[in-house]
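Residues per chain are reported as follows:
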Amino acid sequence: MATAKTAKTTDPEVPEYDFDNWSEDKETEAILAAVPDVKHIIVERRFIGRLSDGTIVEVPLTLSLDEVDELQAEGAAPVDQFKSILKKVHGDQSAADFGKRDLVEGAILAEKYFRTLQRVQQAAFPE
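Remember, predicted model here, so these are calculated numbers, not experimental data.

Asks: I would appreciate a short explanation of a nonpolar patch on the surface in the present structure.
Replies: Taken together, the side chains of Ile 31, Leu 32 and Val 35 make up a nonpolar region of the molecular surface, amounting to roughly 290 Å² of accessible area. In this structure, Val 35 sits in the loop between helix H1 (24–34) and strand E1 (39–43). Judged by its relative accessible area of 43%, Val 35 is partly exposed.

Written out as structure tokens, the structure reads:
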């Protein structure tokens, strides 16, 4: 069972937190400040993402139907599917390195990849 540590009120190194004046607006502001800066571009049918530390991640925007079937069978979460693509394209180490990344940052990159892939599919059939 996990226990919470209680800070002594006489300890000068313990920061003071203002729980009484916390608001939903302050929470929204804090959440937005915590979102990592993950950017991407598309170059010659490749999705190229840049993580907040400058690491570049490159994956194709061309997947075979069999690859899509494999991805869907391996894992339902976009992050798991993205790791599978990295493994297939760049090897085990690339997927392992991505797996050590911050959860939010990895999820953002994976989501951007799959949204881009979906937009490519939709562009093939304009309304």
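Asks: Even after reading the chapter, I still don't get the packing of helix H2 (residues 65–74) against helix H3 (residues 78–90), so can you show me in this structure?
Replies: Each pair of packed helices can be described by the angle between their axes along with the distance between the axes. The contact between H2 and H3 brings their axes to 9 Å, and the two run at 130°. Taken together, the axes of H2 and H3 are oblique relative to one another. Of the two elements, H2 crosses H3, and the hand of that crossing is right-handed. Seen from H2, the contacting residues are Glu 67, Glu 70, Leu 71, Gln 72 and Glu 74; seen from H3, they are Gln 81, Ser 84, Ile 85 and Lys 88. Considered class by class, the residues forming the contact of H2 with H3 number two nonpolar, three polar and four charged.

Asks: Just to check I follow, could you spell out the pairing of strand E2 (residues 46–50) for this structure?
Replies: One ladder, built from five bridges, connects E1 with E2; its direction is antiparallel. Looking at the pairing, Lys 39 lines up with Arg 50 of E2. Between E1 and the antiparallel strand that follows it, E2, lie two residues; Glu 44 among them carries a positive phi value of about 45°. Two strands pair when backbone bridges link them, and E2 and strand E3 (residues 56–60) are joined in this way by five bridges, in the antiparallel orientation. Looking at E3, one finds that Gly 49 is bridged to Val 57.

Asks: Any chance you could explain the packing of aromatic side chains here in plain terms?
Replies: Within a pair of aromatic rings, the relevant descriptors are the distance that separates the centres and the angle that separates the planes. Per the stated rule, a full pass over the model turns up five aromatic pairs. A centroid spacing of 5.4 Å and a plane angle of 65° characterise the contact between Phe 82 and Tyr 113, whose relative ring orientation is edge-to-face. Taken together, the positions of Phe 82 in helix H3 and Tyr 113 in helix H5 (residues 103–123) put the pair 31 residues apart, joining distant regions of the chain. The buried category is assigned to Tyr 113, whose relative accessible area is 0%. For the ring pair Tyr 113 and Phe 114, a centre distance of 5.0 Å and an interplane angle of 75° mean the geometry is edge-to-face. Accessibility classification places Tyr 113 together with Phe 114 in one group, the buried group. Among the aromatic residues, those joined into a ring-pair cluster are Phe 47, Phe 82, Phe 98, Tyr 113 and Phe 114.

Asks: Honestly, the sheet that holds E3 in this entry has me stumped. Any pointers?
Replies: Backbone-to-backbone hydrogen bonds join strands into a sheet, with any given pair of strands oriented parallel or antiparallel. Reading across the sheet, the three strands line up as E1-E2-E3 and stay open at both edges, with antiparallel pairing between neighbours. Strand pairing shows two members of the sheet lacking a second neighbour, E1 and E3, which therefore form its edges. This sheet shows a mean twist of 20° between the axes of neighbouring strands, independent of strand direction.

Asks: Whenever I open this one, the pattern of salt bridges confuses me. Can you help?
Replies: A pair can form between side chains of opposite charge whenever their charged atoms are brought close. Scanning the model with the defined rule gives eight salt bridges in all. Lys 88 is paired through a salt bridge with Glu 67; the nearest N and O atoms lie 3.7 Å apart. Note that Lys 88 is positioned in helix H3 and Glu 67 in helix H2, a separation of 21 residues in sequence. Between Arg 115 and Glu 111 there is a salt bridge, with the nearest N and O atoms lying 3.1 Å from each other. Highlighted residues: Arg 115 and Glu 111, both in helix H5, separated by four residues, approximately one helical turn. By relative accessible area, which is 52% here, Arg 115 ends up exposed. You can call Glu 111 partly exposed: its relative accessible area is 33%. Among the ionic contacts, a cluster of salt bridges with common partners joins Glu 44, Arg 46 and Glu 58.

Rules used in this analysis
Residues numbered from 1 in each chain as written. Predicted model: local features only at pLDDT ≥ 70, side-chain atom pairs only at ≥ 80, totals over all residues. Heavy atoms only, no water. Patch = residues over 30% accessible without salt bridge, like charges linked within 9 Å, V, L, I, M, F, W, Y side chains within 5 Å. Areas by Shrake-Rupley, 256 points an atom, 1.4 Å probe, with all protein chains shown as cover. Salt bridge = Lys/Arg side-chain N within 4 Å of Asp/Glu carboxyl O. Helix = DSSP H or I, 4+ residues; strand = E, 2+ residues; numbered from the N terminus. Buried < 20%, exposed > 50% of the residue type's maximum accessible area, 1.4 Å probe, protein only. Axes fitted to C-alpha atoms, helices over the stretch in contact; angles between N-to-C directions. Parallel < 35°, antiparallel > 145°, perpendicular 65-115°, else oblique. Left-handed = near helix turned anticlockwise from the far one by under 90°. Contact = heavy atoms within 4.5 Å. Nonpolar A, V, L, I, M, F, W, Y, C, P; charged D, E, K, R; others polar. Pairing = 2+ DSSP bridges. Phe/Tyr/Trp six-rings, centres within 6.5 Å; stacked < 30°, edge-to-face > 60°.

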